[in-house]
Amino acid sequence: MIVVCPSCQTQYDLDERLVQEPSFIARCSKCQHLFSAYRPVRVEEIRFLDLAAAKSRDDLANILAISNQKGGVAKTSTCLNLGLSLARQGKRVLLVDFDVQANLTISLGYKESVSFYEVLNGGANSLEEALIQTKYPNLWLFPSNKNMVLLNKKYFGAPNFEFVLKDRLLPIKARFDFIVIDTPPSIEFLTLNALTTAHLIVIPSQCDYLSAHGIDQILKLIGLIKAKTNPSITPRVLMTMFDKESTASKMICSKLNRLYAGMIFETIIEMDPRIREAQILGMPVLEYNSQSKAGLQYVQLAKEILGQPQPNGSAAQPIVG
Ligand SMILES: Nc1ncnc2c1ncn2[C@@H]1O[C@H](COP(=O)(O)OP(=O)(O)OP(=O)(O)O)[C@@H](O)[C@H]1O
Ligand SMILES: [Mg+2]
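The following refers to the structure shown. Every residue gets a number counted from 1 within its own chain, in the order that chain's sequence is written. Starting at A for chains and at 1 for ligands, labels are handed out in the order in which the entities are written. Side-chain atom pairs in this predicted model are given and counted only at pLDDT of 80 or more, local residue features only at pLDDT of at least 70, and totals for whole chains, interfaces and linings cover all residues. Only hydrogens and water are removed before side-chain values are computed, so all heavy atoms of the structure are retained for them.

### Description of the site of ligand 1
Part 1: Taken together, the neighbourhood of ligand 1 is formed by 18 residues, with K75, T76, S77, D272 and Q279 sitting nearest.
Part 2: Separating an oxygen atom of ligand 1 from a backbone N or O atom of G72 is a distance of 3.0 Å.
Part 3: Side-chain atoms alone can form a polar contact between residues adjacent in sequence; in general such a contact is a pair of N or O atoms within 3.5 Å, and within protein one must be able to donate a hydrogen while the other accepts it. Between K75 and ligand 1, the recorded distance is 2.8 Å, taken from a side-chain N or O atom to an oxygen atom.
Part 4: Surface accessibility follows the Shrake-Rupley procedure with a 1.4 Å probe radius. Residue values consider only the protein chains on display as shielding. Alone, ligand 1 offers 630 Å² of accessible surface; in the complex the protein occludes 89% of this.
Part 5: Among the detected pockets, ligand 1 sits in the second largest pocket. It suffices for a single heavy atom of a residue to lie within 4 Å of a molecule or strand for the residue to be listed as near it. Definitions used throughout: a 1 Å grid over protein atoms alone; a cavity as a set of points that fits a 1.4 Å probe which cannot get out; a pocket as an open set with protein on both sides within 12 Å along at least five of seven lines; a lining residue as one with an atom within 4 Å of a point. Molecule-in-pocket calls rest on the fraction of atoms, with more than half required to lie within 2 Å of the cavity or pocket grid points.

Okay, here's the thing in structure tokens:
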């Protein structure tokens, strides 16, 4: 595991097996700074509820979680632009920012907001009260803020902790056709809640040489979730930031198609600098530029999820709903 000193940024590569506690105090040998460090949660040590409890709660539909433990693979970009594309198809969409980085909230131009932390700990009376109706028709946001980091400490490992989000969404789920949840690049309270709540897990994967490793990791976790807390879960891999000029990108794309046959979206999201530009301006890419390549590919992804005809003429079955 890599531990980074927050003061001087020196990185230490520690043998994870020697670290017994989930969090510990470390001293940087370079600058002597004392700081809290966290061991990544091992999939094997997560305590799950039994399946019977899960079945009685399995009554939400059309919930998508965008997830991959690998960072920077376009989870947030996918959540935002797929969400807007579904909203433009006339679907009522709620985006849930379930990442302490709050990138989704910021990408929509919001800064100071409440979060799921306040919903559980006072500061917001209900999840409904915390919803933001965005300026885009049919699109709502449940925002995040930095307090979300406290949820892991407070609730991770508590009985039934994986079901907290699912329970809180129950009173409002009928108002939406789709709920799309952005998750952090780690396995913890937020990710396990999102995976327990969702029916479809969209796994964005960059076309780089470590992508298959990241997909294997999340599929292993989804296997456990399926057996323990959410039997009706479908994983689908979405190739992102594909560079059609790059031979490596093409080689990885065909490798992923071989390895995960039947589990990959037909739609591929290409590298498009407009995504970054739109993010800087706090808006979805289609709002920034209606002809953006990646933006139109997200529209195509929404159609694929809804089972609408594909550019190659095939009409897929709806993946959800
Ligand atoms: N199709 C694309 N073309 C070019 N840049 C992209 C594309 N998709 C995403 N990006 C850029 O890549 C970076 C990472 O994207 P994003 O924040 O969506 O990833 P993430 O998986 O949510 O990251 P994290 O794991 O930190 O939450 C951002 O700067 C984003 O603007
Ligand atoms: Mg993100």
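### Section: the nonpolar core
Part 1: Joining through side-chain atoms within 4.5 Å is the link that ties buried Ala, Val, Leu, Ile, Met, Phe, Trp, Tyr and Cys residues into a set, and such a set is a nonpolar core. Note on classification: 1.4 Å probe, protein chains only; a residue is buried when its accessible area is under 20% of the maximum for its type, exposed when over 50%, partly exposed between these limits. Ranked by internal contacts, the top residues of the largest apolar core, which has 51 residues, are L94, F116, F142 and L151.
Part 2: Counting residues per element, this core draws most heavily on helix α9 (residues 211–228), which supplies six residues.
Part 3: Two residues form a contact once any of their heavy atoms are found within 4.5 Å. Ignoring any residue separated from it by four or fewer positions in sequence, one finds L151 in contact with F116, Y117, L120, N121, F156, F189 and L190.
Part 4: Listed in part, the 35 residues of the second largest apolar core include L64, I132, L238 and A294. Helix and strand assignments come from DSSP, with helices taken as H or I runs of at least 4 residues and strands as E runs of at least 2, each series counted from the N terminus.

### Things to note about the sheet that holds strand β10 (residues 200–206)
Part 1: Read across the open sheet, the seven strands follow the order β7-β8-β6-β9-β5-β10-β11; overall the sheet is mixed. One side of each edge strand has no neighbouring strand; the edge strands of this open sheet are β7 (132–133) and β11 (234–240). Strand pairing is assigned whenever DSSP detects at least two bridges linking the two strands.

### As for the pattern of salt bridges
Part 1: Basic side-chain nitrogens of Lys or Arg form a salt bridge, by our definition, when they fall within 4 Å of a carboxyl oxygen of Asp or Glu. Tallying each qualifying case throughout the model produces six salt bridges.
Part 2: Of the charged contacts, one joins R92 and D177 as a salt bridge, the two residues approaching to 3.1 Å between their closest N and O atoms. Here R92 is found in the loop between α2 (75–88) and β6 (93–97), whereas its partner D177 is found in the loop between α7 (164–169) and β9 (178–182), with 85 residues between them in sequence.
Part 3: Owing to a relative accessible area of 32%, R92 belongs among the partly exposed residues under this scheme.
Part 4: Between K293 and E270 there is a salt bridge; the shortest N-O distance is 3.5 Å. Of this pair, K293 sits in helix α13 (residues 293–306) while E270 sits in the loop between α10 (247–259) and α11 (273–280); the two residues are 23 residues apart in sequence, bridging distant segments of the chain.

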